[in-house]
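# Descriptive structure summary
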Amino acid sequence: MASLGDIGVSALINIITAFAFLLAFALLRIQPINDRVYFPKWYIIGARSSPRHTGNFVGKFVNLNFNTYLTFLNWMPQAMRMKEPEIIEHAGLDSAAFLRIYVLGLKIFGPAAIVAFLVLIPVNVSGGLLFFLSHDLVISDIDKLSISNVPPKSSKFFAHILMMYLFTFWACYMLYKEYDVVASMRLNFLASKSRRAEQFTVLVKNVPHVHKNSVSDTVDYFFKKNHSTHYLCHQAVYNANKFARAVKKRQKLQNYLDYNELKFERTPHKRPTKKTGFLGLWGKKVDSIEYYQQQVKELDEKLTMERERIFKDPKCIMPAAFVSFNSRWGAAVCAQTQQSKNPILWLTDWAPEPRDVYWKNLAIPFVSLSIRRLVISLAVFALVFFYIIPIAFVQSLANLDGLERVVPFLKPVIELSFIKSFLQGFLPGLALKVFLWLLPGILMTMSKIEGHVAFSVLERRTAGKYYFFMLVNVFLGSIVTGTAFEQLDSFLHQSPTQIPRTIGVSIPMKATFFITYIMVDGWAGMAGEILRLKPLIMFHLKNMLLVKTKRDREKAMNPKSIDFPETIPSLQLYFLMGAVYAVVTPILLPFILIFFAFAYFVYRHQVINVYNQRYESAAAFWPHVHTRIIANLMISQFLLLGLLSTKKAASSTPLLAVLPILTVTFHNYCKSRFEPAFQKYPLEEAVEKDAQDEVYEGEMEMKSFLSEAYLHPVLRSFEEVELVELGVERIPSQPTTEPAFGLDSPESKVSPKTQKQNLEVVVEQHESVFTMSRETSVHQTHNT
């Protein structure tokens, strides 16, 4: 078990690592060559077109203004300068609500830490139980600050129960206030937005088959009959997955063509050539420009035929449609009511915004969705329990003292002071972090197989699976397996009736493991997040090896967005550790407070300068955050209840039994009070907003605005390409279908020929189209 010295070694290693990362970041961010890595957000919104540098050649890569090196830490106050309304305008409500989770952690655990240090730690220290048990159990000085140090049947347990009541009431009060604020922010955000396609559109699934009628005709007839006053138009859902793969191939060919034409422009005396064999290593040598022009032309013909087949082949039209209405009121009535006597037909729900739609899953038949979700539920269950094996291995590293008594031949190596401190104080947290690295990607794939049709829903479902995994394996699994390893000798040589007593004493001692995990993940990990070492390396490698055109450079920049499926469950794990150990081992709270403060600072900087959200859900994830924090509170209450039962505190334990009931009652009240704001759109708000639109925005041709807003993005992009190739003037896009950044931005002021080529390569796989769309999310918000 990690001692105070081991914790000190771990703290020293992580503080040095974090400081080194922060120093490296402060120096790297001011170099012109790294500007697109550390400030991609400003390039995307058009506020930055090139790095600031001096006029000479070297100044394009290295910052030669030595005065900036003297103020290289000024990014710290800059990250705090932007106010929350400005962050919402700049990065969206999702980003602002995400930052509020860290503030909520500080509000909950800050006062709790003060009370715990003033009251509980003196109570625990005065217990003195572990002094008499040191010959039976593996203990450390930290354990003497925990509830384990209080002897059984002690009246001092009333202090712990009182602390749990105070902590629960304070946490519930802060949760209520925060839920109220975020719900109001969401309603205000939705009310402040101008006309958006998703405000008038409903996704209709499981459209019944009508003999001799197409899906489109069936949808049109049904809504003209049942929503005659407000029904406007609809867009059928096409299975364009095969077409999207071909479009991706065309994009690659077009990119090679652009590269060779630019290369020829630079050296007009020499036309570029290539070999037609594998990877250009052998085969007939041909003119590269003519070769790729011919390849693109042939593929365009195939794409045209495939596109026509998609629109004509009934098998490519799915039993689903995006149905649009001429008012928000009409859309709200349709989305929030049952449409048919058969409740599994004509299923309606609010349509995601066009950027948020995961088009691949719209092609999944409705019947297979239930089967898919059952299979994935079983797979998640198996995966969670499979991971107990590496978790147990990590715990064996964290509890070397317990193993020494069973396998004493390892003692000479383990007892080397630095090795022991490293193995117990640093390696367990690092090993656990490594084991968790691949998990979010696996869980996201499972969520996609389940068939959810929006990226926001996919990420929330993945976050739910990841939270369950963190709860079972990282927290409960670490406690159970850690207790077994930690007290292995005691388990093997004592009466079975004494095992509950040993577990009751040992669970609080796992605080040392979680302290090391917090320092690795929350301190050094956050410093690594702001350094962006992997994106930095990948950007320069791509710039040297793969970048051929301006579009390639924009893709290499790749700022991505906040990784909600991983960061939010990790945050909830910190809430769980804080809730459990606030009463059991309060010494853990300062480490959590440092994490919340540091992470808030880091993510504020990233939201302002780096991340560009793929979609905007208007903080739709907040009910899940609230629910899981409530679950964490209840877990802490039950664990304390079980712990006190092992302490034979029969006189005080019943007082704790009522607390979970009060917590559930509070949660149900919050659920009924605030959750509808995240699931439904009040008809009162819809009517008011429709009236405001008529006054301030006037009449608008809604049908032309909505008719193709939900056309598959690959098909829509291909239409634009056809217009360019035919020489037809490009029709201005509606607010929801703006051109991607790089086509009309200041960064793309190039020759007309190159502009035409850039327009041609707008054809891309739907995932790529979403990437391009999210790069203009801020532009879209302002323009609409």
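Under an unreviewed UniProt entry, the name given to the protein chain is CSC1-like protein, and the organism recorded is Lactuca virosa. According to the UniProt record, the Subcellular location (unreviewed entry) comment for the protein chain is "Membrane". Per UniProt, the comment on the protein chain under Sequence similarities (unreviewed entry) is "Belongs to the CSC1 (TC 1.A.17) family."

### Topic: the packing of helix α24 (residues 511-531) against helix α28 (residues 589-609)
α28 packs onto α24 with a crossing angle of 15° between their chain directions and a minimal axis gap of 10 Å. Considering the angle they form, α24 stands roughly parallel to α28. With respect to the hand of their crossing, α24 and α28 are arranged in left-handed fashion. Between α24 and α28, the residues in contact are I515, I518, M519, G522, W523, M526, A527, E529 and I530 and F591, I592, I594, F595, F598, A599, V602, Y603, H605 and Q606, respectively. Grouping the amino acids of the contact of α24 with α28 by side-chain chemistry returns 15 nonpolar, three polar and one charged.

### Digging into the nonpolar core
Residues F98 and M577 are the most contacted members of the largest nonpolar core, which totals 139 residues. For this core, the leading source of residues is helix α9 (residues 157-192), giving 15 residues. For M577, the residues in contact, after removing those within four places along its chain, are F475, F514, Y517, I518, L588 and I592.

### Concerning the packing of aromatic side chains
The geometry of two aromatic rings is summed up by the distance between their centres and the angle between their planes. Considering all chains together, one arrives at 38 aromatic pairs under this definition. Ring geometry for F223 versus F325: centroids 6.2 Å apart, planes at 75°, classification edge-to-face. A residue pair is termed long-range when its members are at least 10 positions apart, and F223 in helix α10 (residues 215-226) and F325 in strand β5 (residues 317-325) qualify at 102 residues. The burial state of F223 is the same as that of F325; both residues are buried. Geometrically, the ring pair formed by F595 and F596 is tilted, given 5.3 Å between the ring centres and 55° between the ring planes. One exposure class covers both F595 and F596, and it is buried. Each residue in the set F98, Y102, F109, F167, F564, Y574, F575, F595, F596, Y603, Y611 and F621 is aromatic and connected to the rest through ring pairs, giving one cluster. Over the ring of F264 we find R271; its NZ or CZ atom is 4.9 Å from the centre of that ring. Its guanidinium or amino end placed over the ring of F455, R614 lies 4.2 Å from that ring's centre, counting from NZ or CZ.

### Examining the environment of N668
By the secondary structure assignment, N668 is in helix α30 (residues 654-674). Among the residues examined, N668 registers a relative accessible area of 43% and is labelled partly exposed. Between the C-alpha atom of N668 and that of T627, which follows or precedes it by 41 residues, the distance is 9.9 Å.

### Focus: α28
Over its 21 residues, α28 runs 30 Å from end to end, which matches the ideal 30 Å to within 8%, given 1.5 Å per residue. Across the 21 residues that make up α28, a large majority, 18, are buried.

### What to know about the UniProt feature "transmembrane region" (unreviewed entry) in the protein chain
Here, the residues flagged by UniProt with the feature "transmembrane region" (unreviewed entry) are residues 6-28, 108-133, 157-176, 374-398, 418-439, 466-485 and 573-601. This span, residues 157-176, is 100% helix and 0% strand, and a straight line between its end C-alpha atoms measures 29 Å. Annotated as residues 573-601, this span is 86% helix and 0% strand, and its ends, taken at the C-alpha atoms, are 19 Å apart.

### Re the sheet that holds strand β1 (residues 201-205)
With antiparallel pairing, the four strands of this open sheet are ordered in space as β2-β5-β1-β6. Each of the sheet's edge strands pairs with one partner strand only, and the pair in question is β2 (231-238) and β6 (347-350). Ignoring which end each strand starts from, the neighbouring axes of this sheet average 30° apart. Here β2 pairs with β5 via six bridges, running antiparallel. Note that in β5 the partner of H234 across the bridge is V323. Each of β1, β5 and β6 is contacted by helix α13 (residues 328-335), which is oriented at about 130° to β6, the strand it contacts most.

### Concerning the packing of α24 against helix α27 (residues 564-584)
At a minimum axis separation of 12 Å, α24 and α27 run at an interaxial angle of 150°. The angle between α24 and α27 falls in the class roughly antiparallel. For the pair α24 and α27, the crossing hand works out as left-handed. On α27, the residues that touch A511, F514, Y517, I518, D521 and G522 of α24 are L573, Y574, M577 and Y581. Per-class residue counts for the contact of α24 with α27 are eight nonpolar, one polar and one charged.

Reading the values: rules and limits
- Residues numbered from 1 in each chain as written.
- Predicted model: local features only at pLDDT ≥ 70, side-chain atom pairs only at ≥ 80, totals over all residues.
- Heavy atoms only, no water.
- UniProt positions renumbered as here; feature names shortened; annotations may be inferred.
- Axes fitted to C-alpha atoms, helices over the stretch in contact; angles between N-to-C directions.
- Helix = DSSP H or I, 4+ residues; strand = E, 2+ residues; numbered from the N terminus.
- Parallel < 35°, antiparallel > 145°, perpendicular 65-115°, else oblique.
- Left-handed = near helix turned anticlockwise from the far one by under 90°.
- Contact = heavy atoms within 4.5 Å.
- Nonpolar A, V, L, I, M, F, W, Y, C, P; charged D, E, K, R; others polar.
- Core = buried A, V, L, I, M, F, W, Y, C linked by side-chain atoms within 4.5 Å.
- Buried < 20%, exposed > 50% of the residue type's maximum accessible area, 1.4 Å probe, protein only.
- Phe/Tyr/Trp six-rings, centres within 6.5 Å; stacked < 30°, edge-to-face > 60°.
- Lys NZ or Arg CZ within 6 Å of the ring centre and 35° of its normal.
- Expected span 1.5 Å × (residues − 1).
- Pairing = 2+ DSSP bridges.

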